[in-house]
Amino acid sequence: MATGLEGIKLEALSISEGIRDFPVCIIVLGMAGSGKTTFTKSLIQHAQEKFNPYVVNLDPACREVPYAAHVDIRDTVNYREVMKQYQLGPNGGIVTALNMFTTKMAQFAELVRRAGERGHKWCIIDTPGQIEVFTWSASGNIITEGLATLFPTVVVYVMDVVRSACPTTFMSNMLYACSILYKTRLPFLVALNKIDLQDCSFIKDWMTDFETYQEALEEEQSFVSNLTRTMSLTLDTFYENLTTCGVSAKTGVGFAQLLQKVLECVSEYEKDYKPVYEKMRKERLAQEAATPQPAVNVAESGVPVPLGLGLKDPPPHSGNGIFLMAPGLVPQEAEDETEDMELDPKEPMEDQNFQSFVQNHLSAQQTKRDKLEKQNNS
């Protein structure tokens, strides 16, 4: 991410140029535990030869990722320091880290644009495991819409087939997929993951045959079964236009078909979604033309106020790992993964009591064995 950052000019991202053909941005979403990161790794491997993907990791809380990322939010925002300084929990830390990253959205989009010029046909974006943190936060919305107004953009929703074997869990996944589809307003592809553990044909049957799903619901005795039955009637129209593909992120089965489905979604973007974004672009340009331009001489209009950190600015606090800049411009010290924990005065006493208990138990067992052996000898 540090390469060429000094030459980035924001005017290079003028919306007057219109939507570019490359790279195609693929935003990977999925519930925690659905195999989203492993899916991303397999997608990168299968697309490498033909599409040369540009890889972006937007999960600030993960320790490691099984792929090499061109842009990694962990190089830009220190998630652990965010939690410490602002006294946040895990989800709050992720939201704040994404918000910090979004303040540099223009520079990030410029990097994606340059990647397209260098021959990267796809840009694969891995998102946080806490899906609601990305889909329902302002930063997630800014990133999604910001990319969609500059590049062809597709959303891939990774769904766990094994967990969805329960009809109510399946319905929860479908409701979430439906909400994301209508919120993002982008081509939507559902990747039915883990088909190496369970075949996904039953899900396709549930989506196409209402009676089959109702029969599966008859076996459910939970209080939500009636609500699920009602919602299944409502989602019939949603199923008709939903694109699905069964894959196994572990074995790689189904990814050839998945790549073809992604290309179909790109064609859908060009046909149905691009005109909408082009119309929005023209309306925004007209609005900007009608808006009075700020004075050229800032001194006459007022005193300029710094709005944020520049790419070369040092961290605002010495010793503080929270900063938003390009990796490589400022050296980072290796973070000590061990946190300082307050010692509990009761712990030594509890350890002693536990050791005494174990010793007494062993002594009692030995006495019992000696007694039995003595009886046997006599």
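Our structure is the block above this text.
If you're wondering where the values come from, they're calculated on a predicted model, not measured in any experiment. (Residues numbered from 1 in each chain as written. Predicted model: local features only at pLDDT ≥ 70, side-chain atom pairs only at ≥ 80, totals over all residues. Heavy atoms only, no water.)

**What about the overall build of the chain?**
In terms of regular secondary structure, the chain is built from 14 helices and 7 strands. Each of the 378 residues in the chain was classed as buried or not, and the buried ones make up 43%. If you take every contact in the chain between residues at least 6 apart in sequence, the share linking residues at least 24 apart comes to 77%. When the accessible surface of the chain is totalled, it reaches about 21200 Å², and 53% of it is carbon and sulfur. (Helix = DSSP H or I, 4+ residues; strand = E, 2+ residues; numbered from the N terminus. Buried < 20%, exposed > 50% of the residue type's maximum accessible area, 1.4 Å probe, protein only. Contact = heavy atoms within 4.5 Å. Areas by Shrake-Rupley, 256 points an atom, 1.4 Å probe, with all protein chains shown as cover.)

**Side note on helix α3 (residues 90–102)**
Over its 13 residues, α3 runs 18 Å from end to end, which matches the ideal 18 Å to within 8%, given 1.5 Å per residue. Contacts from the buried residues of α3 go to β3 (71–72), α2 (79–86), α4 (105–117), α5 (131–135) and α6 (138–148). (Expected span 1.5 Å × (residues − 1).)

**Observations concerning the pattern of salt bridges**
Summed over all chains, the structure comprises 9 salt bridges. In this structure, Lys36 engages Asp126 in a salt bridge whose closest nitrogen and oxygen atoms are separated by 2.9 Å. Here Lys36 is found in helix α1 (residues 36–51), whereas its partner Asp126 is found in strand β4 (residues 122–126), with 90 residues between them in sequence. Like Asp126, Lys36 is buried. Close ionic contact of Arg114 with Glu110 constitutes a salt bridge, the shortest N to O distance being 3.1 Å. Separated by 4 residues within a single helix, Arg114 and Glu110 lie in helix α4, roughly one turn from each other. A relative accessible area of 1% places Glu110 in the buried class. Three or more residues joined by partner-sharing salt bridges are found here, namely Glu110, Arg113, Arg114 and Glu117. (Salt bridge = Lys/Arg side-chain N within 4 Å of Asp/Glu carboxyl O.)

**Brief notes about the pairing of strand β1 (residues 24–30)**
Extensive coverage of β1 is indicated by the burial of 7 of its 7 residues. With burial as the criterion, each face of β1 is covered, one bearing Val24, Ile26, Val28 and Gly30 and the other bearing Cys25, Ile27 and Leu29. Summarising the sheet, β1 and β4 pair through 5 bridges and their orientation is parallel. Residue Ile27 lies in a different strand from β4, and its bridge partner there is Ile125. (Pairing = 2+ DSSP bridges.)

**Focus: unusual backbone geometry**
The peptide bond linking Phe22 to Pro23 adopts the cis configuration, its omega dihedral lying at -5°. Note that Pro23 resides in the segment before β1. Phi is positive for Asn52, which is not a glycine, with a value near 45°. Relative to the elements of secondary structure, Asn52 occurs in the loop between α1 and β2 (54–57). With a phi close to 55°, Arg185 is a non-glycine residue in the positive phi region. By secondary structure assignment, the location of Arg185 is in the loop between α7 (167–184) and β6 (188–193). The exposure class of Arg185 is partly exposed, given its relative accessible area of 46%.

**Quick word on the environment of Asn52**
Given a relative accessible area of 27%, Asn52 falls into the partly exposed group. In this structure the C-alpha to C-alpha distance between Asn52 and Lys121, which are 69 residues apart in sequence, comes to 6.1 Å. Leaving out residues up to four positions away in the same chain, Asn52 has contacts with Ala47, Gly119, His120, Lys121 and Trp122.

**What about the side chain of Ser248?**
Position of Ser248 among the secondary structure elements: in the loop between β7 (243–246) and α12 (255–290). Separated by 3.0 Å, the side chains of Ser248 and Asp196 make a polar contact. Apart from residues lying up to four places away in sequence, Ser248 is in contact with Asn193, Lys194, Ile195, Asp196, Val253 and Phe255. (Polar contact = N/O pair within 3.5 Å; in protein donor to acceptor, adjacent residues only side chain to side chain.)

**Considerations on the environment of Gln214**
With respect to the helices, strands and loops of the structure, Gln214 is situated in helix α9 (residues 210–218). Residue Gln214 is classed as buried on the basis of its relative accessible area, which comes to 9%. Sequence-wise, Gln214 and Leu233 are 19 residues apart; in three dimensions their C-alpha atoms are separated by 10.0 Å. The residues touching Gln214, leaving out its near neighbours within four places in the chain, are Arg229 and Ser232.

**Overview of α7**
Over its 18 residues, α7 extends 26 Å from the first C-alpha to the last, a length consistent with the 26 Å expected when each residue adds 1.5 Å. Looking only at α7, the buried set comprises Pro167, Thr168, Phe170, Met171, Asn173, Met174, Tyr176, Ala177, Cys178, Ile180, Leu181 and Thr184.

**So, the state of the cysteines**
Under the counting rule described, the total for this entry stands at 0 disulfides. Lacking any disulfide linkage, Cys25 is separated from the closest cysteine sulfur, that of Cys123, by 4.6 Å. Judged by relative accessible area, Cys123 falls into the buried class, the value being 0%. (Disulfide = S-S within 2.5 Å.)

**Notes on the packing of α1 against α12**
Interaxial distance between α1 and α12 falls to 10 Å at its minimum, and their mutual angle equals 75°. Judged by the inter-axis angle, α1 sits roughly perpendicular to α12. Across from Phe39, Ser42, Leu43, His46, Ala47 and Phe51 in α1, the residues of α12 making contact are Phe255, Leu258, Leu259 and Leu263. For the contact of α1 with α12, the per-class residue count stands at 8 nonpolar, 2 polar and no charged. (Axes fitted to C-alpha atoms, helices over the stretch in contact; angles between N-to-C directions. Parallel < 35°, antiparallel > 145°, perpendicular 65-115°, else oblique. Nonpolar A, V, L, I, M, F, W, Y, C, P; charged D, E, K, R; others polar.)

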